[in-house]
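These are the residues of each chain, in order.
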Amino acid sequence: MTDVDTILREHADAAAAVEPAADGWAQIVARLGEEPPIVVPLVDRRRAGRPTRRVLLAGAAAVVVVAAAIAAVALVGDDGTTDLTPAESTAPDVTASTVPTTPTTEPPSPPASTEPPPDTTGTPTTTAPPVPAAMPDEVVAIVDTDGDGLGAVVRLGTVEGQPDGTGPDSEVRSVLVEDPPFPDDAPGSATGPVTLDLLPDGSVVYGICCEPAAGAVYVVGPDGGEPRLLGYGEHPAVGPDGTVAVFQLYTGVGTMDVATGRFTPLLVDGEPLMAGPDDWATGLTWSPDGRQLLVDWLLHDMEAGTSERIVELVDLDAGTRQRVALEGAAGGEAHGTFLADGRVAFVTGVPQGYDQEAVGTGIAVFDPARGTAEERFGALRITGLDTTADGGWVLATSEDGAVRAFTGADLRDEGTVARREGLQAAAW
Amino acid sequence: MIDGTVSDAGLDGLRAAYDAHARPLLRLAVALTGDAALGEDLVHDAFVRLHRATTPPAPGAEGAYLRRIVTNLAHDHHRHGAVVRRLAPAPRDPAPSAESDALGGDRARAVAAAVAALPDRQRGCVALHYFAGLTDVAVAAELGISVGSVKTHLHRARAALARTLEEHR
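Reading guide: rules and limits
Residues numbered from 1 in each chain as written. Chains lettered and ligands numbered in written order. Predicted model: local features only at pLDDT ≥ 70, side-chain atom pairs only at ≥ 80, totals over all residues. Helix = DSSP H or I, 4+ residues; strand = E, 2+ residues; numbered from the N terminus. Buried ≥ 20, exposed ≤ 12 C-beta atoms within 10 Å, placed from the backbone. Contact = placed C-beta atoms within 7 Å. Pairing = 2+ DSSP bridges. Expected span 1.5 Å × (residues − 1). Core = buried A, V, L, I, M, F, W, Y, C linked by C-beta atoms within 7 Å. Axes fitted to C-alpha atoms, helices over the stretch in contact; angles between N-to-C directions. Parallel < 35°, antiparallel > 145°, perpendicular 65-115°, else oblique. Nonpolar A, V, L, I, M, F, W, Y, C, P; charged D, E, K, R; others polar.

1. What about the overall build of chain A?
Of the regular secondary structure elements, chain A holds three helices and 25 strands. Among the 428 residues that make up chain A, the fraction classed as buried is 50%. Counting contacts in chain A only where the partners sit at least 6 residues apart, residues at least 24 apart contribute 52% of the total.

2. Brief notes about the overall build of chain B
Regarding its fold elements, chain B presents eight helices and zero strands. Ordered by position in the sequence, the α and β elements of chain B form the string α-α-α-α-α-α-α-α. Scored against the burial criterion, the 169 residues of chain B give a buried share of 48%. Of all intrachain contacts in chain B linking residues separated by at least 6 positions in sequence, the fraction that spans at least 24 positions is 65%.

3. Concerning the pairing of strand β15 (residues 292-301) of chain A
All names here are of chain A. Burial within β15 is extensive, with 10 of its 10 residues counted as buried. A two-sided burial pattern is seen for β15, the buried positions comprising Gln-292, Leu-294, Asp-296, Leu-298 and His-300 on one face and Leu-293, Val-295, Trp-297, Leu-299 and Asp-301 on the other. Two elements, strand β14 (residues 280-286) and β15, share six bridges in a ladder whose sense is antiparallel. Each bridged residue has a counterpart across the sheet, and for Trp-280 the counterpart in β15 is Leu-298. In this antiparallel pair of consecutive strands, β14 and β15, the connection spans five residues, and Gly-290 shows a positive phi of 70°. Two elements, β15 and strand β16 (residues 306-315), share 10 bridges in a ladder whose sense is antiparallel. By the bridge assignment, Leu-294 is partnered in β16 with Leu-313.

4. Thoughts on helix α6 (residues 120-131) of chain B
Quick reminder: α-helices carry 3.6 residues per turn. Residues three or four places apart thus point the same way. Residue and element names in this part refer to chain B. Its 12 residues give α6 an end-to-end C-alpha distance of 15 Å, which sits within 8% of 16 Å, the value for a rise of 1.5 Å per residue. The element α6 is largely enclosed, with a buried count of 11 among its 12 residues. Here α6 has its buried residues at Arg-121, Gln-122, Arg-123, Gly-124, Cys-125, Val-126, Ala-127, Leu-128, His-129, Tyr-130 and Phe-131.

5. Overview of the nonpolar core
In this structure, Val139(A), Ala141(A) and Val153(A) are the most contacted members of the largest nonpolar core, which totals 92 residues. A per-element tally of this core places β15(A) first, with six residues. Filtering out sequence-adjacent residues up to four positions away, Val139(A) remains in contact with Leu156(A), Thr158(A), Leu395(A), Val403(A), Ala418(A), Ala426(A), Ala427(A) and Trp428(A). Counting residues in hydrophobic clusters, the runner-up holds 59 residues, among them Val29(A), Leu42(B), Val126(B) and Leu134(B).

6. Describing the packing of α6(B) against helix α8 (residues 147-164) of chain B
All names here are of chain B. As a packed pair, α6 and α8 sit with axes 8 Å apart at the nearest point and diverge in direction by 95°. The orientation of α6 with respect to α8, classified from their angle, is roughly perpendicular. On α8, the residues touching Arg-121, Gln-122, Cys-125, Val-126 and His-129 of α6 are Val-150, His-153, Leu-154, Arg-156, Ala-157 and Ala-160. Looking at the contact of α6 with α8, its residues break down into six nonpolar, three polar and two charged.

7. Looking at the sheet that holds β15(A)
All names here are of chain A. Sheet architecture is open: four strands sit in the order β14-β15-β16-β17, paired in antiparallel fashion. Of all the strands in the sheet, just β14 and β17 (320-324) have a single pairing partner and so form its edges. Across the sheet, the mean angle from the axis of one strand to that of its neighbour is 25°, orientation sign disregarded.

Below you can see the structure in the form of structure tokens.
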């Protein structure tokens, strides 16, 4: 039996034996004479704190062309005939969700004459927050139990908030999905679960990341059992009515029927909810009323070889898209989640690199009405944020495997409520 | 002058970069894709992007810049290919090309696919260490992580690849 080290070295040696084409340089020179491709940014990548631009016509046309090309490939059979039966139940549905849209061209801006002074106290600016119920006594988490990079889905008991850096490991109350949880040939199985959320009946929907397939979404019952492959997509997020949003590469954000796995693209102002063709969502979060969606985007500038992480607030009713950012902050943004009053908590200081994990250094709060954000916490090494269904609590997972609780009304730090080495994500 | 847009003077630096980096980049690209023709195409694309870059790399950093573009392009190829394969009808009888045979045929494609399926950092470490021939220290510098992290990522990557490539061992 050959070890992997030898396989990789032999593979590299075989690749090294490939000779460059004799006219390689000439081919490059010829391509330099061609017109460069038109790249139309679908999201404003440069101006932090400013509203995003809407999808431009050319960009939308390109998206439609890509989608049409994929659809055409899907519908043309081996013999060249057209098959109108979807190849799989998860094929994109050309009928968009019934999301009301309006022909708004820019996100709403606050009237200058009524601009309130900056909020430095964290006091909500909209509705009064609900009084949170008692802290949930357990979290559902993805934990890499054996250090192989693949996680199991488990229920962890919580404790009263402990000062950071203290407290024992949390009790594993049950294992819902073993590690490794899938057959070797399952889509995306090499990466294991990376995100999860809870359905109203207590079932857990979790996503396997995006390589080499376009991600896969599974459902497992409240007490575990055999996971069911729901469909293809990334970063499933459960809305207040149980609607599951997922992201599909080249298609955008849509909803996935829990019973059938059927994917239906979401349209915002009549256009697919996506960024550029090289970009993809790395996180989705519904608002408590199900009318807004937060999207974490990883944007790629292939020409420059750089990447950027941003958070976008999408109002599905108004058909608008608004950039969530802390003006002047270094790094990118990620892990947006809603507070009880409609404001948005998000993680700042996230490395922008293509290969970087989305670990930030602090938490800021964005007020959509004002279009501004303020920093609340720093130096926390946050890997994710999630809000309870009642909006009462926000939990933050951190790089050291700790889960820290904040009140959902004013983001007051209540300390660490769970901890487990290898913890990668958690949801209430 | 080429097509009225590219000056000969502007090509001197690019030609120098091509002479210095084309061959190791081709090795990286072919190893990442398992396909000689595709690898060459990605390398050409990387040089075109270098030439058109609005913020070119600092002198001396062209190699790292080009490796990053090739790695990104290969990654996008796998992602895009996965979507198209999922939506497209399966080919009736895909015949391996002479180039893929020279690379080892099914095994080359399997290795490339297995590496593509690794998490980002593991894949980056494997690509730079094994396919670009960089030392652990150089990999760490290029990815902006510690040498210890490089070793950890490589260890985990080998463990994951051992499972994925079981039938090819």
